[in-house]
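Next come the chains, spelled out residue by residue.
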Amino acid sequence: MNDNFEYLFAPNSVAIIGASDNPNKIGGRPIHFLRKYGFRGDVYPVNPGRQMVQGYRAYSDILDVPSVPDSVVIAVGTDAVADQVERCAQMGVRAAVLMSSGFGELGEKGRARERRLVEIANASGMRLMGPNCQGTANFSNGTILNFSTMFTDVAAQDGPIGIVSQSGAASVMPFALLRQAGLGVRYVIATGNDADLGACAMAEAVARDEDIKLILVYLEQISEPHRLASAARIAKERGAYIVVLKSGGSTKGASAAASHTGAVVGNEAAIDAFLARSGIWRARDIQDFILAAPLYLSDRPVGAGRSVAMSHSGAVAVMTADLAEREGLELADLADETKTRLTAILPDFGTAHNPLDTTAAVLSDPTMFPRVLSAIGLDSQADTVMVSVPMAGPGYDLETFADAAAEFVRTQNKPMVLSAPQPNVRAVFSARDIPVYATEADAIRALQQYTKHQQLRAALRESRVIEPIMGLPRGLQDEHRSLSLISDHGVPVVENILCNSPDEAVTAFHELGNVPVVVKGCAASIPHKSEHDLVYLHIRSTDDARRAAESCFAALKDMGITKPQVLVAKMVKGEHEIALGATVDAKLGPLVMIADGGTLVELRKDAVTLLAPFTAKQAREALARLRIAPLFQGYRGKPPLDVQALAEAAVALGDFAAGSRESLISVDINPVMVMPSGEGVLAVDAVVELNQ
């Protein structure tokens with residue numbers, strides 16, 4: 001079915017059902033805004049009680065308007081909405097904005113009414129936005145089908161930014177902040193309940209606008225991830241960016257009885273993995289949402305992401321270095337040639353290393369600033385530049401400084417930001433299209449976000465196609481079957497033997513080489529054996545193997561297991577224990593968790609999540625984000641760990657999850673013993689659960 005976006009964003013005619021002559025009422029504001037912002041199409045107010053509404057002829061019924069409107073705003077009471085939707089569908093209207101509330105936001109009864117509205121509309125090819133929505137606004141042509149008072153208080157201006165939000169307030173807050181920063185916004189779209197055309201679909205539509213360079217999307221839920229991913233692909237192809245602010249974190253799924261993975265991964269980690277896979281930056285708060293906007297609009301390459309910071313204050317230079325380290329912004333190591341050039345330019349008490357302290361000598365020599373920039377521009381290590389002007393006044397040739405900054409950006413094509421607490425200083429640089437911030441912290445956060453976002457997108461690769469795995473078993477698998485399943489699909493596992501009697505356990509002990517073994521009770525219904533005293537470690541003799549097996553068999557029988565078994569496996573000691581896990585999110589797909597392992601995995605929650613399938617390189621990059629990552633390189637006499645083997649095991653698990661996505665519920669592998677570099681990894685315990 002056609003989405004009919006053109007009728008929402010660029011209609012030739014609009015009808016407003018529930019039109020009000022009062023521009024301060026919900027049914028009156030869209031009419032007021034259409035006129036205020038220069039909409040050139042026909043406007044048809046529908047109000048049976050009036051002949052004129054805000055200077056337009058009014059009609060008593062939508063069926064009475066002289067031609068079929070391209071789009072309709074419905075702003076009537078809840079009980080009257082269905083009838084009006086039906087009339088619009090009967091008339092051949094292509095799109096409607098339902099501002100009325102009282103539907104899905106009130107619970108299942110409201111959702112049922114919502115579904116009925118969509119059925120009525122879609123049967124005739126009409127698409128709906130809402131209900132319970134604030135509406136759309138396109139400031140390029142004055143199509144303001146929206147009732148926000150923000151457009152009364154904050155002057156709108158068309159620009160290369162689009163805002164899409166499931167919340168009305170969260171659509172106009174960034175609008176106001178961007179306008180205060182002097183940036184124009186074309187689209188402000190608040191979709192409400194997303195019953196039909198939702199926020200992800202709207203983001204995809206906005207991404208197709210060639211003039212849009214930045215799309216800000218506020219989400220409380222991701223109902224159509226494939227459309228958001230499509231929006232990201234479309235945007236990336238033409239050099240535009242998407243930033244998402246996602247709220248409403250959920251712990252749904254964490255109580256899955258057999259799965260530690262569900263408890264550690266959670267919904268938010270799954271969303272993080274999906275957004276990263278799509279090349280979308282996830283903002284932490286409303287400030288992050290808009291902070292880097294000027295950098296996105298400039299769209300200059302960040303290279304390897306190394307930055308040079310400069311100020312005429314030594315204290316600010318030191319604080320800048322501290323802030324950069326805290327935010328993860330890498331400061332460049334300047335080349336010796338660059339340091340030599342800078343030493344020749346700066347006074348003896350200046351600092352010719354990064355961050356640069358140009359000192360107050362810039363007051364007496366206005367050529368110093370442009371010469372310093374020229375020296376930096378010649379250094380291949382300098383990918384981005386941050387300039388701090390903590391104070392300025394008489395004697396500071398700001399115009400010359402700003403001209404030099406603009407010339408540097410133009411000729412070097414490198415991103416630059418400026419921080420200055422004085423508005424007049426910021427204004428001089430902003431007039432030359434240099435992104436400006438009041439504090440060093442904001443400037444660094446913006447530059448770090450823009451840098452990391454570019455690097456995230458540059459690392460995107462086409463996903464491998466994983467064929468479905470056929471013939472999988474059903475239900476919760478015991479440990480032996482779980483280890484066999486993951487081993488068959490590339491995850492290295494400890495050597496183990498399944499036994500049906502104490503005698504077989506003794507035989508297994510001998511077959512494994514009479515080395516220390518572990519004896520464990522094995523039953524699908526008891527996935528977490530240590531909680532039931534079903535694990536015996538460091539078994540070194542025939543008698544110990546028999547006694548451990550007899551204890552496990554007795555305990556299993558006492559627990560009602562009709563066919564008890566034990567698993568005998570070699571004792572394996574690694575340098576560190578890691579947990580691997582996999583789940584399948586109903587909307588986002590197969591996910592793999594890599595975490596600091598052991599019995600405290602759920603408490604530590606030192607974990608990263610990847611959307612499967614992925615590469616070993618992506619797995620290594622994810623491992624580097626763990627808090628325990630420094631251990632991988634060796635620590636206090638401990639050898640470096642086999643990170644490559646661990647990454648390859650994670651890839652194998654991801655491929656298994658992708659291939660079994662239609663039936664897989666979860667995989668827990670804990671622990672995976674990680675050996676010294678070059679010696680591999682071994683999974684020593686696993687639980688696989690599939691659909692019944």
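Reading the values: rules and limits
- Residues numbered from 1 in each chain as written.
- Predicted model: local features only at pLDDT ≥ 70, side-chain atom pairs only at ≥ 80, totals over all residues.
- Heavy atoms only, no water.
- Domains from an automatic or database assignment.
- Axes fitted to C-alpha atoms, helices over the stretch in contact; angles between N-to-C directions.
- Helix = DSSP H or I, 4+ residues; strand = E, 2+ residues; numbered from the N terminus.
- Parallel < 35°, antiparallel > 145°, perpendicular 65-115°, else oblique.
- Left-handed = near helix turned anticlockwise from the far one by under 90°.
- Contact = heavy atoms within 4.5 Å.
- Pairing = 2+ DSSP bridges.
- Salt bridge = Lys/Arg side-chain N within 4 Å of Asp/Glu carboxyl O.
- Buried < 20%, exposed > 50% of the residue type's maximum accessible area, 1.4 Å probe, protein only.
- Arc of directions from axis to C-beta.
- Polar contact = N/O pair within 3.5 Å; in protein donor to acceptor, adjacent residues only side chain to side chain.
- Expected span 1.5 Å × (residues − 1).
- Phe/Tyr/Trp six-rings, centres within 6.5 Å; stacked < 30°, edge-to-face > 60°.
- Lys, Arg positive; Asp, Glu negative; His and termini not counted.
- pLDDT = per-residue confidence, 0-100.

Visitor: Run through the domain arrangement of the chain, naming residues and quoting values.
Guide: Entries for the chain in the domain assignment read domain 1 (1-133), domain 2 (148-298), domain 3 (300-459), domain 4 (495-570) and domain 5 (576-690). Once you take the C-alpha centre of each, domain 1 and domain 5 turn out to be 51 Å apart.

Visitor: Residues and numbers for the packing of helix H15 (residues 398-412) against helix H16 (residues 423-430), please.
Guide: In the contact formed by H15 and H16, the axes pass within 9 Å of each other and the chain directions differ by 40°. Our classification of the angle between H15 and H16 gives oblique. Once H15 is placed against H16, the crossing between them reads as right-handed. Here Leu398, Glu399, Phe401, Ala402 and Ala405 of H15 lie close against H16, whose contacting residues are Val425, Val428 and Phe429.

Visitor: Quick rundown of the sheet that holds strand S14 (residues 281-282)? Include the residues and the values.
Guide: Strand order in the open sheet formed by seven strands is S9-S8-S11-S10-S12-S13-S14, and the pairing between neighbours is mixed. Two strands lie at the open edges of the sheet, namely strand S9 (143-146) and S14, each paired on one side alone. Two elements, strand S13 (residues 241-246) and S14, share two bridges in a ladder whose sense is parallel. Directly across from Val243, in S14, lies its bridge partner Trp281.

Visitor: Now, about the sheet that holds strand S20 (residues 496-499): what can you tell me, with residues and values included?
Guide: Strand order in this open sheet of four strands is S20-S23-S21-S22, and the pairing throughout is antiparallel. Looking at strand neighbours, the two that pair on one side only are S20 and strand S22 (535-539), the edges of this open sheet. In this sheet, neighbouring strand axes are inclined to one another by 20° on average, regardless of whether the strands run parallel or antiparallel. Contacts between helix H20 (residues 542-558) and the sheet are confined to S20, strand S21 (517-522), S22 and strand S23 (565-570), with S21 contributing the most and set at about 15° to the helix.

Visitor: Give a detailed account of the pattern of salt bridges, specifying residues and quantitative values.
Guide: Two side chains that carry opposite charge are able to pair once their charged atoms sit near each other. All told, the structure shown has 37 salt bridges when counted by the stated rule. Here Arg87 ties to Asp83 by a salt bridge, and the two come within 3.1 Å at their closest N and O atoms. Here Asp83 and Arg87 lie together in helix H3 (residues 78-91), a separation of four residues that amounts to about one turn. Taking relative accessible area as the criterion, Asp83 reaches 38% and is therefore assigned partly exposed.

Visitor: Outline the environment of Val506, listing residues and values.
Guide: Along the chain, Val506 turns up in helix H19 (residues 502-511). Each C-alpha atom, one on Val506 and one on Phe39, is 86 Å from the other, the two residues being 467 residues apart in sequence. Sequence-distant contacts of Val506, defined by excluding residues within four places in its chain, comprise Thr542 and Arg546.

Visitor: Could you give an account of the environment of Ile578, naming the residues involved and the relevant values?
Guide: Tracing the sequence through the fold places Ile578 in strand S24 (residues 576-585). The buried category is assigned to Ile578, whose relative accessible area is 0%. Taking the C-alpha atoms as reference points, Ile578 and Leu646, 68 residues apart in sequence, are found 8.8 Å from one another. If we skip the residues at most four places from it in the chain, Ile578 touches Ile594, Ala595, Asp596, Gly597, Ile628, Phe632, Leu646, Ile669, Asn670, Pro671, Val672 and Val674.

Visitor: Lay out the pairing of strand S25 (residues 589-596) in plain terms, naming residues and giving numbers.
Guide: Of all the eight residues making up S25, eight are buried; the element is thus mostly covered by neighbouring parts of the structure. Pairing geometry for S24 and S25, over eight bridges, is antiparallel. For Gly581, the partnering residue across the bridge sits in S25 and is Met593. What sits between S24 and S25 in their antiparallel hairpin is a turn of three residues.

Visitor: Describe in detail helix H18 (residues 479-488), supporting the description with residues and values.
Guide: Along H18, the positions that sit buried rather than exposed are Glu479, Ser482, Leu483, Leu485 and Ile486. Projected onto a plane normal to the axis of H18, the buried residues spread over an arc of 160° and lie on a single side. Taken together, the buried residues of H18 touch S20, S21, S23, strand S27 (664-674), strand S28 (681-683) and strand S29 (686-690). Here H18 starts with a cap whose side-chain oxygen sits 3.1 Å from the backbone nitrogen of His480, and that cap is Asp478.

Visitor: Break down helix H4 (residues 108-123) for me, citing the residues and quoting the values.
Guide: In this model, H4 (16 residues) spans 22 Å end to end at C-alpha, consistent with the 22 Å of a helix rising 1.5 Å per residue. For H4, the set of buried residues is Gly110, Glu114, Leu117, Val118, Ile120 and Ala121. Buried residues of H4 fall within an arc of 165° about the axis and therefore sit on the same side. Residues of H4 that are exposed and point more than 90 degrees away from the buried face comprise Lys109 and Ala123. In the core, the buried residues of H4 are packed alongside H3, strand S6 (95-98) and strand S7 (127-129). Just downstream of H4 lies Gly125, where phi reads positive at about 85°.

Visitor: Describe in detail the packing of aromatic side chains, supporting the description with residues and values.
Guide: This structure, assessed with the given rule, holds 13 aromatic pairs. Their ring planes at 20° and their centres at 5.8 Å tell us that Phe139 and Phe175 sit as a pair that is stacked. Residue Phe139 is found in the loop between strand S8 (135-138) and S9, and its partner Phe175 is found in helix H6 (residues 169-180); the two are separated by 36 residues along the sequence. Neither Phe139 nor Phe175 differs from the other in exposure class; each is buried. Members of the aromatic cluster, joined through ring pairs, are Phe33, Tyr37, Phe139, Phe151 and Phe175.

Visitor: Describe the side chain of Asp478, listing the residues and the values that go with them.
Guide: Relative to the helices and strands, Asp478 is located in the loop between helix H17 (440-458) and H18. With no salt bridge to any partner, buried Asp478 finds its closest opposite charge in Arg481, at an N-O distance of 7.1 Å. Among the polar contacts listed, one links the side chain of Asp478 to the backbone nitrogen of Arg481, at a separation of 2.7 Å. Not counting the four nearest positions on each side in its chain, Asp478 is found in contact with Cys522, Ala523, Ala524 and Gln565.

Visitor: I'd like a rundown of the confidence of the model for the chain, residues and numbers included.
Guide: Looking at the chain, the pLDDT average stands at 92 and 97% of residues meet or exceed 70. Under a pLDDT of 50 for its full length, residues 250-266 has, in the predicted model, 32 contacts with residues more than four places off or in other chains.

Visitor: Tell me about the pairing of S13, and name the residues and values.
Guide: Burial within S13 is extensive, with six of its six residues counted as buried. In the sheet, strand S12 (residues 214-219) pairs with S13 via six bridges, with the strands oriented parallel. Its bridge partner being in S13, Val217 is matched across the sheet by Val244.

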